[in-house]
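Structure assessment
Residue strings, one per chain:
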Amino acid sequence: MHQIIFNYFPALTTKQQEQFAQIGDLYKEWNARINVVSRKDIDEIYTNHILHSLAIAKVMEFAPGSKILDVGTGGGLPGLPLAILYPEVDFHLVDSIGKKIKVVNEIASALGLNNVKGEQKRAEEITSKYDFVVSRAVTAMPRFVEWIKGKFEKENKNPFPNGVLYLKGGDLTEELTNFPKAKLFDISDYFEEDFFETKKVVYLDQKDL
Ligand SMILES: C[S@@+](CC[C@H](N)C(=O)[O-])C[C@H]1O[C@@H](n2cnc3c(N)ncnc32)[C@H](O)[C@@H]1O
């Protein structure tokens, strides 16, 4: 099942391959105790959750030394798969619910990820600065932007200027009315599974928030 990750990311190191091979079982074990992904979806963990998270990496590669915030990470999505892919990038994963953060930290520790900090916190309370903010399925863009405005480093070290990379599905026309400069990337351009047919990565430059 994890083979799908190797197919789309053929340059993984042995360590990364081992981590991706392990993460599915870790999610299955933890999800039986603390619900972090829909239980009817857990058998599709590699496609619907792990590969979906990695769509962000197909849009833009994070430069080593970047600092990334994952807001409303739940059980660590998209942050944990991205942290495996980018061991030299620092990931701060926050969620307002403590038991979800327990799952994040347990999985990060079982995988030996030392570039992940999971913290129980509301997005609005964060005071640090980041190069990018990533997220999936947390809230509509206008509210999300209110939470994370002003939390960006000024200096850009990545291919795109610092900003937001948000995993979204469905019709975004209304949600993005106030963000005319948002760039939409179709995930179906990178991954052929039907699940990705209507799914997108939305990029917003922090200057346009
Ligand atoms: C539908 S879940 C998505 C979780 C994860 N991103 C995923 O895709 O599997 C939304 C998460 O956002 C969290 N959340 C909602 N409002 C938040 C806030 N203001 N600050 C931090 N987390 C928040 C919730 O606790 C919940 O875990």
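So, here is what we can say about the structure in this document. (Residues numbered from 1 in each chain as written. Predicted model: local features only at pLDDT ≥ 70, side-chain atom pairs only at ≥ 80, totals over all residues. Heavy atoms only, no water.)

1. Observations concerning the site of the ligand
Rules: Summary of the distance rule: residues count as near a molecule or strand when at least one heavy atom falls within 4 Å of that molecule or strand. For the purposes of these results, a polar contact is taken to be a pair of N or O atoms within 3.5 Å, where, inside protein, one atom must be able to donate a hydrogen and its partner to accept one; residues adjacent in sequence count only when each atom of the pair is a side-chain atom. For the area figures, the Shrake-Rupley method with a 1.4 Å probe applies, and any residue is considered shielded solely by the protein chains shown.
Inspection of the region around the ligand gives 16 residues, with Gly72, Leu77, Asp95, Ala123 and Arg136 positioned closest. The contact in question runs from an oxygen atom of the ligand to an N or O atom on the side chain of Arg136, over 2.6 Å. Look at the ligand: alone it shows 600 Å² of surface, and the protein chains cover 82% of it.

2. Topic: the sheet that holds strand S3 (residues 116-120)
Formally: Think of it this way: DSSP has to see at least two bridges between two strands before they count as a pair. Here a strand is any run of E in DSSP of at least two residues, a helix any run of H or I of at least four, and the numbering for each starts at the N terminus. To obtain an axis, a line is fitted to C-alpha atoms, over the contacting stretch when the element is a helix, and the angle between two such axes runs from 0 to 180 degrees between their N-to-C directions. Whether two residues are in contact is decided by their heavy atoms: any pair within 4.5 Å suffices.
A sheet is described by the order of its strands in space; here 7 strands give the open sequence S3-S2-S1-S4-S5-S7-S6, paired in mixed fashion. Across the chains shown, the open sheet's two edge strands, defined by having one partner strand only, are S3 and strand S6 (183-186). Between one strand axis and the next, the sheet turns by 20° as a mean value, whatever way the strands run. With 4 bridges connecting them, S6 and strand S7 (residues 199-205) associate as antiparallel partners. Looking at S7, one finds that Lys183 is bridged to Tyr203. Across the sheet, helix H3 (residues 45-59) lies against strand S4 (132-136), strand S5 (163-169), S6 and S7, angled at about 140° from S5, the strand it touches most. Across the sheet, helix H6 (residues 141-148) touches strand S1 (67-71), S4, S5 and S7, and the angle it forms with S5 is around 155°.

3. Examining the packing of aromatic side chains
Test applied: Stacked, tilted and edge-to-face are the three classes applied to pairs of Phe, Tyr and Trp rings, where Trp contributes its six-membered ring and a pair requires centres within 6.5 Å; stacked means planes under 30 degrees apart, edge-to-face means over 60, and tilted covers the rest. Between buried and exposed lies partly exposed: a residue is buried under 20% and exposed over 50% of the maximum accessible area for its type, with that area taken using a 1.4 Å probe on protein chains only. Only Lys NZ and Arg CZ are tested; either one counts as a charge over a ring when it is within 6 Å of the ring centre and within 35 degrees of the ring normal.
Per the stated rule, a full pass over the model turns up 13 aromatic pairs. Judged by centre distance (4.7 Å) and plane angle (70°), the ring pair of Phe144 and Tyr166 falls under edge-to-face. With Phe144 in helix H6 and Tyr166 in strand S5, the pair connects residues that are 22 residues apart, well separated along the chain. Residue classification places Phe144 among the buried residues on the basis of a relative accessible area of 0%. Among the residues examined, Tyr166 registers a relative accessible area of 1% and is labelled buried. Among the aromatic residues, ring-to-ring pairing joins Phe62, Tyr86, Phe91, Phe132, Phe160, Phe185 and Tyr203 into one connected group. The ring centre of Phe9 lies 4.3 Å from the NZ or CZ of Lys58, which sits over that ring. Seen from the ring of Phe195, Lys199 lies directly overhead, with NZ or CZ sitting 4.2 Å from the centre.

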